[in-house]
Amino acid sequence: VEYILTVRFLRWAWLIAVAGSYLHVVTLNAYLTDNSVGASILPTAWTDLIDTAPGIAAVLRLVLAGASGWVGVRPERVIDPMTQLAALALPGLAVVTLGFSRSGGPQQLLGFLAGSVHAVAMAVWFGGLVLLSRVVLSGPGEEVLVHAVRGYSRISTVAILATVLSGGVQLFRLDGNQLFDNAH
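The rules we used
- Residues numbered from 1 in each chain as written.
- Predicted model: local features only at pLDDT ≥ 70, side-chain atom pairs only at ≥ 80, totals over all residues.
- Heavy atoms only, no water.
- Axes fitted to C-alpha atoms, helices over the stretch in contact; angles between N-to-C directions.
- Helix = DSSP H or I, 4+ residues; strand = E, 2+ residues; numbered from the N terminus.
- Parallel < 35°, antiparallel > 145°, perpendicular 65-115°, else oblique.
- Left-handed = near helix turned anticlockwise from the far one by under 90°.
- Contact = heavy atoms within 4.5 Å.
- Phe/Tyr/Trp six-rings, centres within 6.5 Å; stacked < 30°, edge-to-face > 60°.
- Buried < 20%, exposed > 50% of the residue type's maximum accessible area, 1.4 Å probe, protein only.
- Expected span 1.5 Å × (residues − 1).
- Polar contact = N/O pair within 3.5 Å; in protein donor to acceptor, adjacent residues only side chain to side chain.
- Core = buried A, V, L, I, M, F, W, Y, C linked by side-chain atoms within 4.5 Å.
- Nonpolar A, V, L, I, M, F, W, Y, C, P; charged D, E, K, R; others polar.

Turning our attention to the packing of helix α1 (residues 4-33) against helix α2 (residues 53-67). Where α1 meets α2, the axes come as close as 9 Å, and the angle between the chain directions of the two elements is 155°. With respect to α2, the axis of α1 lies roughly antiparallel. In terms of crossing hand, the pair formed by α1 and α2 is left-handed. Contacts from W14, A17, V18, S21, Y22, H24, V25 and L28 of α1 reach α2 at P54, G55, A58, V59, R61, L62, A65 and G66.

Here the focus is the packing of aromatic side chains. All chains considered together, the criterion is met by two aromatic pairs. Between Y22 and W46 the ring centres are 5.8 Å apart and the planes differ by 55°, which places this aromatic pair in the tilted class. Of this pair, Y22 sits in helix α1 while W46 sits in the loop between α1 and α2, and the two are 24 residues apart along the sequence. Judged by its relative accessible area of 30%, Y22 falls in the partly exposed class. On the basis of an interplanar angle of 40° and a centroid distance of 4.5 Å, the ring pair of F100 and F112 is categorised as tilted. You can see F100 sitting in the loop between α4 (84-96) and α5 (108-136) and its partner F112 sitting in helix α5, a full twelve residues away along the chain. Among the residues examined, F112 registers a relative accessible area of 21% and is labelled partly exposed.

In this section: α2. Each α-helix winds once per 3.6 residues, and so residues spaced three or four apart point in a common direction. When the terminal C-alpha atoms of α2 are compared, their 21 Å separation across 15 residues agrees well with the 21 Å that a helix rising 1.5 Å per residue should span. Among the residues of α2, those classed as buried are G55, A57, A58, R61, L62, L64 and A65. Elements in contact with the buried residues of α2: α1, α3 (69-73) and α4. Where α2 begins, the side chain of T52 points an oxygen toward the backbone nitrogen of G55, at a separation of 3.1 Å.

This brings us to the nonpolar core. One finds V25, V26, L28, W46, L49, A58 and L62 forming the largest nonpolar core, which totals seven residues. Broken down by secondary-structure element, the contributors of at least two residues to this core are α1 and α2. At three residues, α1 tops the list of elements feeding residues into this core. Not counting chain neighbours up to four residues away, the residues in contact with L62 comprise V18, S21, Y22, V25 and W46.

Before going further, it helps to examine α5. An ideal rise of 1.5 Å per residue puts 42 Å on 29 residues; α5 measures up with 40 Å between its terminal C-alpha atoms. Among all positions in α5, only G111, A114, G115, S116, A119, A121, G128, L132, V135 and V136 are buried.

This brings us to the environment of T97. If you trace the backbone, T97 turns up in the loop between α4 and α5. Owing to a relative accessible area of 4%, T97 belongs among the buried residues under this scheme. Sequence separation of T97 and T157 is 60 residues, and the distance between their C-alpha atoms is 23 Å. Filtering out sequence-adjacent residues up to four positions away, T97 remains in contact with A57, L60, R61 and L64.

Attention now goes to the packing of α2 against α4. Between α2 and α4, the least distance of the axes is 8 Å, while the angle of their chain directions is 155°. Between α2 and α4, the crossing angle belongs to the class labelled roughly antiparallel. The crossing of α2 and α4 is left-handed. Note on element contacts: α4 touches α2 through L90, L93 and A94, opposite R61, L64, A65 and A67. Across the contact of α2 with α4, the residue classes break down as six nonpolar, no polar and one charged.

So, in structure tokens, the structure goes:
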């Protein structure tokens, strides 16, 4: 977090997350209410979203993504022991809400759990990879690069395994043994 490149990267990532979450809420509202996207832009038009689990999750994701700006403004909160839990929980919970997008079908609780694990593991793997490539490779010093790559390699294997396994659970839960017999 000492590098200005890291701070800039995290701020852009936060802005993109908030903009993407907002766009998702607007388009989900338009889809669920048969309104136009233009009629769904204002938050006052989102009252029907709160009647559905995906709608609640989308609005909650937007709120949590916005609150994650607290970390984006001062990224050192992630390594400070006093604020570390909150700094990691805000974006982590925002990612967990993605688990509601595949909770339909049989065994909905399993769908939520597998979807949440899938989203968090993928966010750790892909987000770490992007952070490593955009920030660490551009930063000064070979020693920092070696430590960052070693640290990332320890968590990336677990993250990709969790992604594949939870994706397999979702695939079996949603499609069963009819993988090639349906449109999914």
